[in-house]
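# Breakdown of the fold
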Amino acid sequence: MARLNGSIVKGVQAVIIAAFIIFVLFYVNSKSIKSFKIKNPVVIVLVGLMLGLMSAFLGIGGGPINTTFLVLLFSFTLKESAVYSVAIIFFSQLSQLITIFINNRFEPYREYLPIILIAMAVSVIGGLIGSRLNKKLSNKVITVIFSVVLAFVAVINIYNAVMGFIA
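The structure presented is a predicted model; accordingly, all values stated were derived computationally and were not measured. (Residues numbered from 1 in each chain as written. Predicted model: local features only at pLDDT ≥ 70, side-chain atom pairs only at ≥ 80, totals over all residues. Heavy atoms only, no water.)

## Description of the side chain of T143
Examined against the element boundaries, T143 turns out to sit in helix α6 (residues 139-166). Residue contacts for T143: discarding those within four places in its chain leaves V28, N29 and L78. (Helix = DSSP H or I, 4+ residues; strand = E, 2+ residues; numbered from the N terminus. Contact = heavy atoms within 4.5 Å.)

## A few points about the packing of aromatic side chains
Applying the stated criterion to the full structure yields five aromatic pairs. Ring centres of F23 and Y27 lie 6.1 Å apart, and the angle between their planes is 20 degrees; this geometry places the pair in the stacked category. Taken as a pair, F23 and Y27 lie in helix α1 (residues 2-29) at a separation of four residues, close to a single helical turn. Take F23: its relative accessible area is 35%, and that puts it in the partly exposed class. In textbook terms, an aromatic cluster arises when at least three aromatic residues are bridged by ring pairs, as seen for F74, F76 and Y84. (Phe/Tyr/Trp six-rings, centres within 6.5 Å; stacked < 30°, edge-to-face > 60°. Buried < 20%, exposed > 50% of the residue type's maximum accessible area, 1.4 Å probe, protein only.)

## Concerning α6
Every α-helical turn comprises 3.6 residues, leaving residues that sit three or four positions apart pointing alike. With 28 residues, α6 ought to run about 40 Å at 1.5 Å a step, and its terminal C-alpha atoms sit 40 Å apart, in line with that. All buried positions along α6 are accounted for by I142, T143, F146, S147, L150, A154, N157, A161 and G164. (Expected span 1.5 Å × (residues − 1).)

## Quick look at a nonpolar patch on the surface
Taken together, I8, V12, V15, I22, F26, I158, Y159, V162, M163, F165 and I166 make up a surface patch of nonpolar side chains, about 1,000 Å² in accessible area. When residues in the nonpolar patch are grouped by element, the largest group, six residues, is from α6. Structurally, the position occupied by F165 is in helix α6. (Patch = residues over 30% accessible without salt bridge, like charges linked within 9 Å, V, L, I, M, F, W, Y side chains within 5 Å. Areas by Shrake-Rupley, 256 points an atom, 1.4 Å probe, with all protein chains shown as cover. Salt bridge = Lys/Arg side-chain N within 4 Å of Asp/Glu carboxyl O.)

## Focus: the nonpolar core
L51 and F69 are the most contacted members of the largest nonpolar core, which totals 22 residues. If you list the elements that add at least two residues to this core, you get α1, α2 (41-58), α3 (63-74), α4 (78-102) and α6. In this structure, L51 is in contact with I65, N66, F69, L70 and I88, ignoring residues within four places of it in sequence. (Core = buried A, V, L, I, M, F, W, Y, C linked by side-chain atoms within 4.5 Å.)

## Here's the deal with α4
If you check α4, its first and last C-alpha atoms are 36 Å apart, about what 25 residues at 1.5 Å a residue would give, namely 36 Å. Those residues of α4 that sit buried are L78, S81, S85, I88, S92 and I100. Trailing α4 by a residue or two, N104 shows a phi angle of about 50 degrees, which is positive.

Spelled out as structure tokens, the structure:
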């Protein structure tokens, strides 16, 4: 029963992620959808809370979701929203790391520590390269790359949803 529930949860998460990504693809590539310029500090706090909650719940870091909501709600470009999205992800994931540290729950990760350390180092290098590309490429090129990557991620999530529900 626990395996079934875990599979169903993964399937539901994959469906939610796929739905968000499909929305993101339509929104980012649409010229007619209006965006807002929210300035109210209370609304900004609520948006930050919602984005952090979604990224932690869905376990994806929230990049595509954060980026889209930042473009939609604050009228940022994709280039601008990428920077702010990274900040949201950083603090969201930092809270999870603090929780793991406070509760001393490192044991499940011990065997993966070498992989985690390598991934961290390579991620920093990738981040530096990505940051340079972000500065050099136009918004149009970034939108195309973003859309292609998201379409690929949507297909993976649809596959994961199907596998989660039939497992």
